[in-house]
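Breakdown of the fold
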Amino acid sequence: MLGDISNKAAHMLSLPKVSDFFTRLIQRVAPKSYQQALGEVYVTQKFLENFSGDQVRFLARSFAVPGNHLGQQSHGYRWPYGPVAIVTPFNFPLEIPALQLMGALYMGNKPILKVDSKVSIVMEQMIRLLHHCGLPMEDLDFINSDGKTMNKLLLEANPRMTLFTGSSRVADKLAVDLKGRIKLEDAGFDWKILGPDVQEVDYVAWVCDQDAYACSGQKCSAQSIVFMHENWFKSSLISRMKDLAAKRKLEDLTIGPVLTFTTEAMLEHMNKLLQIPGSELLFGGKALENHSIPPIYGALKPTAIYVPLEEILKDGNYELVTREIFGPFQVVTDYKDNQLPRVLEALERMHAHLTAAVVSNDSLFLQEVIGKSVNGTTYAGLRARTTGAPQNHWFGPAGDPRGAGIGTPEAIKLVWSCHREIIYDIGPLPSHWEIPPAT
Ligand SMILES: NC(=O)c1ccc[n+]([C@@H]2O[C@H](COP(=O)([O-])OP(=O)(O)OC[C@H]3O[C@@H](n4cnc5c(N)ncnc54)[C@H](O)[C@@H]3O)[C@@H](O)[C@H]2O)c1
């Protein structure tokens, strides 16, 4: 049934009229460009295509292992949790809740879904579409509430598993409140390392710009810090990044409102960074002008701050420099060949290991960095990026037993089912069996 529903829903989302409707609806509540909003609709459509037909059934594929004697065999199953909850943030109003919701259903659970109330109209419409495609009304619950109310609901309803996507602050609170029955997709302070081999400067500058500033930096996978090998630092990369950032404009929302930081808070953070010896403003650092964005939101030009590597690593500075600013803001630093261990030390000390990019085609360099880091979604190679969570690869943190994933069969199985083993042992007993001595 869910394969059929996914098939129909994917087809509907492929109709230009429907995909345009959802794209515009996303834009009404989450400040991003048409292209970025369309990306969410596209990923959701492809995901539904992937789980059409019998693919839902195959997700729950079991296995059998022969036992010790005739009639004995163990069967390993992916088993549902039953009543589960999904809590999702404002920045991806369609993609995150739709993919997690379908994953929960595919594995046989009954989910209650709560999307950030600023943007929940998008999922409300998507659920209507799923009902239209045949999803029974009673298969999921949908609630609109603030975080506090949801917290209370979770404590009272006691779901067997909760998938939380959002800030680390709330994630850590819920992990305690729910006694660990939770999986998390939380904050990202995502890094990019540019290796010694400088090539395709225009392309790498463009990827840096998209990674740091698309959706005004409000992606959990946004590039928060770039470590540039001195060869890149001496190239024209930064000036090209500056040129690209300057092309972003409010009219088409290639830069726009920041929902969880005020302009003042971002400028204050910037000024604190600028007090670190040797740091400097590379570009941006000013409020957007000529707009009507209410002051409870942020409006900042795409900003990059240089901070020297040795300063980043100092105890007094490290936490400040690696704080996730959910806006168009990044830190840039440089390193020499002999400082690579110091760069790796900086990565190791980060608490959220979500996405990462190692931009190099030098295999030995890639191996060194990948072997000594842990981020769950790591792109490696000249075209590496930090953002981009298509349905065709795993997206999620690593190095944390609570870490969840989204998108792929592995993610769905890990998050939405547990392992159960049934050992069939039906006999017969060997003929002439006698009670042996006690052991
Ligand atoms: N790892 C990922 O896949 C991923 C994806 C998107 C966003 N994020 C992270 O999300 C953050 C931005 O989103 P946000 O500001 O909406 O996050 P948030 O933590 O403030 O809110 C996330 C959701 O939790 C709800 N909530 C808040 N307090 C709650 C509580 N006590 N109990 C239950 N629910 C509660 C909110 O209403 C919202 O629906 C960033 O840190 C970003 O990195 C992570």
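The name given to the protein in an unreviewed UniProt entry is Aldehyde dehydrogenase domain-containing protein, with Vitis rotundifolia as the source organism. Under Sequence similarities (unreviewed entry), UniProt gives the following word-for-word description of the protein: "Belongs to the aldehyde dehydrogenase family."

Things to note about the domain arrangement of the protein
Taken as a whole, the protein is organised into domain 1 (2-59 + 81-187 + 402-416) and domain 2 (190-380). Using only C-alpha atoms to locate each centre, domain 1 and domain 2 end up separated by 29 Å. Residue-level contacts link 14 residues of domain 1 with 17 residues of domain 2. Summed over both partners, the interface of domain 1 with domain 2 buries about 1300 Å², with 65% contributed by carbon and sulfur atoms. Together, Pro31, Phe90 and Ala187 form the three largest contributors to the area buried by domain 1 at its contact with domain 2, with a combined 41%. Joining domain 1 to domain 2, the criterion identifies zero salt bridges. If you look at where domain 1 meets domain 2, you find three residue pairs in polar contact (both at pLDDT 80 or more).

Comments concerning the sheet that holds strand E3 (residues 83-88)
Read across the open sheet, the five strands follow the order E5-E4-E3-E6-E7; overall the sheet is parallel. Each edge of the open sheet carries a strand with a single partner, namely strand E5 (141-143) and strand E7 (182-185). Across the sheet, the mean angle from the axis of one strand to that of its neighbour is 15°, orientation sign disregarded. Where E3 lies against strand E4 (residues 110-115), six bridges are found, and the strand directions are parallel. Across the sheet, residue Pro83 finds its bridge partner in E4, namely Lys110.

Some remarks on the packing of helix H2 (residues 16-29) against helix H6 (residues 121-132)
Look at H2 against H6: their axes get within 9 Å of each other, and the N-to-C directions meet at 155°. As far as their axial angle goes, H6 and H2 are roughly antiparallel. Along the contact surface, H2 presents Val18, Phe21, Phe22, Leu25, Ile26 and Val29, while H6 presents Ile121, Val122, Gln125, Met126 and Leu129. Residues of the contact of H2 with H6, tallied by class, amount to 10 nonpolar, one polar and no charged.

Focus on the environment of Pro97
Assignment of secondary structure puts Pro97 in helix H5 (residues 95-106). Residues Pro97 and Leu113, 16 residues apart in the sequence, show an inter-C-alpha distance of 7.7 Å. Aside from chain neighbours lying at most four places away, what touches Pro97 is Thr88, Phe92, Leu113, Val115 and Met123.

A word on the site of the ligand
The environment of the ligand is made up of 28 residues, and the closest members are Thr88, Asn151, Ser167, Asp186 and Glu324. Between the ligand and Glu185, the relevant distance is 3.3 Å, taken from an oxygen atom to a side-chain nitrogen or oxygen of the residue. In this structure, Asp186 approaches the ligand through a main-chain N or O atom, which is 2.8 Å from a nitrogen atom. For the shell around the ligand, the secondary structure elements donating two or more residues are E3, E4, helix H7 (147-157), strand E6 (161-165) and helix H8 (168-177).

A look at the packing of helix H1 (residues 2-14) against H6
Geometry of a packed helix pair, given as the angle between the helix axes and the separation of the axes. For the pair H1 and H6, the least separation of the axes is 9 Å and the interaxial angle reads 125°. Looking at the two axes, H1 sits oblique to H6. Between H1 and H6 lies a crossing whose hand is right-handed. Mapping the contact onto sequence places Ile5, Ala9, Met12 and Leu13 in H1 and Met126, Leu129, Leu130 and His132 in H6.

Some details on the pattern of salt bridges
One pass over the full model with this rule turns up 21 salt bridges. Arg349 is the salt-bridge partner of Asp315, the closest N and O atoms lying 3.4 Å from each other. In this pair, Asp315 sits in helix H14 (residues 315-321) while Arg349 sits in the loop between helix H15 (340-348) and strand E13 (355-359), placing the two residues 34 residues apart along the sequence. Take Arg349: its relative accessible area is 32%, and that puts it in the partly exposed class.

Overview of the sheet that holds strand E1 (residues 63-66)
With antiparallel pairing, the three strands of this open sheet are ordered in space as E1-E2-E15. Both outer strands of the open sheet, E1 and strand E15 (417-425), are each paired with one neighbouring strand and no more. Recorded for the sheet is a direction-independent mean angle of 20° between the axes of neighbouring strands. Against the sheet, helix H17 (residues 409-416) makes contact with strand E2 (72-80) and E15, and its axis sits at roughly 75° relative to E15, the strand it touches most.

A closer look at a nonpolar patch on the surface
Where nonpolar side chains cluster on the molecular surface, the patch consists of Leu429, Trp433 and Ile435 and spans about 410 Å² of accessible area. Exposure remark for Leu429: the relative accessible area of 61% places this residue in the exposed category.

Here's the deal with the side chain of His269
Structurally, His269 can be placed in helix H12 (residues 263-274). According to the relative accessible area criterion, His269 is buried, its value standing at 4%. Residue contacts for His269: discarding those within four places in its chain leaves Leu320, Arg323, Ile325 and Phe329.

Here's the deal with the environment of Thr23
Position of Thr23 relative to the elements: it lies in helix H2. The buried category is assigned to Thr23, whose relative accessible area is 0%. Each residue touching Thr23, except ones within four places of it in the same chain, is listed here: Tyr34, Ala37, Leu38 and Val41.

Focus on unusual backbone geometry
Here Gly427 and Pro428 are connected by a cis peptide whose omega angle stands at 10°. By the secondary structure assignment, Pro428 is in the segment after E15. Positive phi, close to 50°, is recorded for Ser216, a residue that is not glycine. You can see Ser216 is positioned in the loop between helix H9 (201-213) and strand E9 (223-229). Of note, the phi angle at Leu253 is positive, near 60°, even though the residue is not glycine. The residue Leu253 is located in the loop between helix H11 (237-246) and H12 in this model.

What counts as what
- Residues numbered from 1 in each chain as written.
- Predicted model: local features only at pLDDT ≥ 70, side-chain atom pairs only at ≥ 80, totals over all residues.
- Heavy atoms only, no water.
- UniProt positions renumbered as here; feature names shortened; annotations may be inferred.
- Domains from an automatic or database assignment.
- Contact = heavy atoms within 4.5 Å.
- Buried area = accessible area lost by both parts, 1.4 Å probe.
- Salt bridge = Lys/Arg side-chain N within 4 Å of Asp/Glu carboxyl O.
- Polar contact = N/O pair within 3.5 Å; in protein donor to acceptor, adjacent residues only side chain to side chain.
- Pairing = 2+ DSSP bridges.
- Helix = DSSP H or I, 4+ residues; strand = E, 2+ residues; numbered from the N terminus.
- Axes fitted to C-alpha atoms, helices over the stretch in contact; angles between N-to-C directions.
- Parallel < 35°, antiparallel > 145°, perpendicular 65-115°, else oblique.
- Nonpolar A, V, L, I, M, F, W, Y, C, P; charged D, E, K, R; others polar.
- Near = heavy atom within 4 Å.
- Left-handed = near helix turned anticlockwise from the far one by under 90°.
- Buried < 20%, exposed > 50% of the residue type's maximum accessible area, 1.4 Å probe, protein only.
- Patch = residues over 30% accessible without salt bridge, like charges linked within 9 Å, V, L, I, M, F, W, Y side chains within 5 Å.
- Areas by Shrake-Rupley, 256 points an atom, 1.4 Å probe, with all protein chains shown as cover.

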